Amino acid sequence: MAFPVPSTCYVVLAAVVVVYAQRHSQQDSHTQYAQLGKDVTIQCGSVDRGAVVTWTANNTDLDASHLNGSWLVLRHVDLSHSGQYSCYEGSSWHLKYRVNLKVGTPPKEPVLMCRSNNYPNGFYCSWHLPSPTYIPDSFNITVKHDSKEIVCEKDASPKNRCYIRYLHLFSTKKYKVTLTVTNALGRNSTTISFDEFAIVKPDPPENVVAKPIPNNPRRLLVTWQYPSTWPDPDSFPLKFFLRYRPLIIDYWQHVELSDGTSHIITDAYAGKEYIIQVAAKDNEIGTWSDWSVAVHATPWTEEPKHLTTEAQGTVQLTSTLFISAGVLVQFQETTTSSTSAFVVPSTTKMYDSERQANCGAVAVSWVVGPVLVAFGIHFI
Amino acid sequence: MAAARRSPGSSPHHTDLCCRTVLLLRKMRADVSRLLEAYVEKQGLDKNFSLDLVDGVPTASTEQWSEASDAERLGDNLKAYWAFQTLLNEILEEQRSSLTPNDLDFHESIQSVLLQVSALAYQLEELMVMLEHSVPAKELEGIRGARERGLFEKKLRGMKVLQELAHWSVRSVRDLRQLSKPVQTGAIPHVSCCLALKK
C-alpha cells in the first residue's frame, strides 16, 4: 500500500521533465527566415512592444539604434546578418526570446535536364538552381507519360538526380517532367516536355587509344570501346565521330564512322604529334555524346640506319677516375667525331655517344695516364 | 511473351533481304519525317496538338519489346505496315478530294511513302516465309474507318499516321537487329541482319 504514492510522484516528475524539455526545445528551435536585401523585424516573443529589452546577435550586444521599442529592426539584411538573436528583459537580463535568423533568397526557376545514356533501359533527370538560395530548399519532381504518373527513383548520390525506367518503347507520346523547388521564402517550378528519342545521348566512348603504325609515317591507328553504360550494342549500335589535329594546328579534321570501334588515320603529318577524340551517337536517334578524353600520338618515324653525311661535331667525353686517396675526380676532354645529320631518337644518341666516348677514353688515357699517376703519388 | 527462338535455315539471301529492309526503313524514315513537316505546315497544324483521341492507327509503342519472339516481331511489323498501306491510301484520297486538291507534288510525296510501305510489307512477308514463320492473316476491314470524319479530324488523323509511321520505322530497324542477335544457347545465329550496316 505504500507504493502508489511514490509511483504517482514519478509520473508527475516525468511529465514535468517532458514539458520542460518541450518548452526548452521550442525556445531553441525558433527560426526566422529573411530575404536578402529586405528589412526584417524580430519581435521579442510575447514581450510588450514598449518594454525595455536588450538584444544580442551571436552573444554580442546590439546598438539601441536597431530597436523600435522591444522590436529589433534590421535594414537591408545581407548574409552576415544570419545568426542567433537573443532578447533579454532590460533590468533582470532574463532571456525572453531567442531566434535563429537565416538570410536567403526565394528560389529562381530551376534548371532541369533529362537524358538517356543507357537507352533503351531508361533515363535520368537532373536539376540545379541557377543561383544559391543560402537556405534549405526542397525539390519535388513529377514525371508523366501518356497522362500517367511514373516513378522517378531518387539516387542516393548525387541528390539532384532521379532515374526513370522506360515502361514503353517507341512511344510517340511525350514525357512531361515538372520540378518544383520550395523554400521558406518562396517556390518556383519548371516543366519540360520531350520525346523518347530526343533525349538519347550516350556517354563518350571509352579507352580511346591511338598508336603509330610501324613503317607508316602518315598513319595512326585509333581504337576505342563502347561506353560501358550503353547496355545493348547489338540491337542499339552506335555510330562514331572522330576528330583529330596536329597539336600545332587549331583546325580539326573529322570522320564519321557508322560502325566498328577503330579507325586508321591516313593523312597525318609525318612526325607531328596529334590530339584525337571520339564521340558516339545512337545509329538511328538522339544526339552526339560529349567528346572522349583526348589522346595524343605521333606517327611512326624512320630511324636512321646509316651515317649519311660527315659532319664535324663535338662529343663530351666524361671519364671517371678513382684515385687511391679516395678522391673522386671527374675528367672532361673534348675530341672530334663524325656524326649523322639526322636527329635521332634519344636512346640511339646515347648509345652512339657512349661508344664514341669510350673510344675517346682509350685514346686519351695514353696521354693523361702518366699525369694522373703523378697526381696519385703526390697525394700519397 | 515467348522467349526468343530462332528458326532453322539461313542463307546469304536472308542476310541480303534483311540488309535491304533496314536500308529501306532508313530511307522511309527520312522521307516520312520530311513529309510530316510538310503535312503539319500545309494543314495548318501544330506538332504539339494532342492526338490522344485519334484511334485506329497502329502504335509503335510497346511494353515488352525485348521479350518478343522473332515471329511476334515480324508479325507485328507486317500487320502494322499493312495497316499503314490502307491509312496512307485514305490520307492520299482525302488530300486529293478535299484538303489539298491542287498540290500534286504533295500527293506525290505521300504516294512515294505509300510505295515504300508496300515494298516494306512485301519484304517482311518474304522474310517471314524464309524463316518459316507463319504469316498473319490480313485484316482489311478492321482498319478502314467506316464513319464519316470532319475535315479537322481528318487532318489530325493524317498527322497521327505519319508520326506513328516514323516511330515504327525506328522500331522495325531495332526489331531486325534483334533478330540477328546471337542466341543465348550459344548456337550460331541463323539470321544476320547486317550487324555492321553502313548508313
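Quick notes on the rules
- Residues numbered from 1 in each chain as written.
- Chains lettered and ligands numbered in written order.
- Predicted model: local features only at pLDDT ≥ 70, side-chain atom pairs only at ≥ 80, totals over all residues.
- Heavy atoms only, no water.
- Disulfide = S-S within 2.5 Å.
- Helix = DSSP H or I, 4+ residues; strand = E, 2+ residues; numbered from the N terminus.
- Buried < 20%, exposed > 50% of the residue type's maximum accessible area, 1.4 Å probe, protein only.
- 1 Å grid on protein atoms, 1.4 Å probe; cavity = no way out; pocket = protein on both sides within 12 Å on 5 of 7 lines; lining within 4 Å.
- Points joined across faces, edges and corners; volume = space filled by probe spheres on them.
- Nonpolar A, V, L, I, M, F, W, Y, C, P; charged D, E, K, R; others polar.
- Axes fitted to C-alpha atoms, helices over the stretch in contact; angles between N-to-C directions.
- Parallel < 35°, antiparallel > 145°, perpendicular 65-115°, else oblique.
- Left-handed = near helix turned anticlockwise from the far one by under 90°.
- Phe/Tyr/Trp six-rings, centres within 6.5 Å; stacked < 30°, edge-to-face > 60°.
- Lys NZ or Arg CZ within 6 Å of the ring centre and 35° of its normal.

On to the state of the cysteines. By definition, a disulfide is the covalent link that joins the sulfur atoms of two cysteine residues. Residue and element names in this part refer to chain A. Applying the stated criterion to the full structure yields three disulfides over all chains. Cys 44 shares a disulfide with Cys 87; S-S distance 1.9 Å. Between Cys 44 and Cys 87 the sulfur-sulfur dihedral comes to about -95°; the bridge is accordingly left-handed. One end of the pair, Cys 44, is in the loop between strand S2 (40-42) and strand S3 (53-57); the other, Cys 87, is in strand S7 (residues 83-89), with 43 residues separating them in the sequence. In this structure Cys 44 comes out as buried when scored by relative accessible area, which is 0%. What makes Cys 87 buried here is its relative accessible area of 0%. Note on cysteine connectivity: Cys 114 is disulfide-linked to Cys 125, with sulfurs 2.1 Å apart.

On to the layout of surface pockets. Within this model, the largest pocket holds a volume of roughly 900 Å³. Taken together, 31 residues form the lining of the largest pocket, with Thr 172, Lys 174 and Asp 195 of chain A together with Lys 47 and Gln 163 of chain B sitting closest to its centre. Those elements that place two or more of their residues in the lining of the largest pocket are strand S11 (138-145) of chain A together with helix H1 (12-42) and helix H5 (151-179) of chain B. When residues in the lining of the largest pocket are grouped by element, the largest group, five residues, is from H5 of chain B. Residue composition of the lining of the largest pocket, by class: eight nonpolar, ten polar and 13 charged.

Residue and element names in this part refer to chain B. Taken N-terminus to C-terminus, the directions of H1 and helix H3 (residues 104-130) make an angle of 155°; their axes are 9 Å apart at the nearest point. With respect to each other, H1 and H3 are oriented roughly antiparallel. When the axes of H1 and H3 are compared, the crossing they make is left-handed. When grouped by side-chain class, the residues that make up the contact of H1 with H3 number 18 nonpolar, seven polar and five charged.

Okay, the packing of aromatic side chains next. A complete count under the given rule lists 20 aromatic pairs over all chains for this structure. With 5.6 Å between their ring centres and 90° between their planes, Phe 123 of chain A and Phe 194 of chain A make a pair best called edge-to-face. Taken as a pair, Phe 123 of chain A in strand S10 (residues 122-128) and Phe 194 of chain A in strand S16 (residues 186-194) lie far apart in primary sequence, 71 residues in all. Judged by its relative accessible area of 0%, Phe 123 of chain A is buried. What makes Phe 194 of chain A buried here is its relative accessible area of 8%. Pairwise contacts between aromatic rings join Tyr 119, Phe 123, Tyr 166, Phe 170, Tyr 175, Phe 194 and Phe 236 of chain A together with Trp 65 of chain B into one cluster. Positioned above the aromatic ring of Tyr 124 of chain A is the side chain of Arg 161 of chain A, whose terminal nitrogen or guanidinium carbon lies 3.9 Å from the ring centre.

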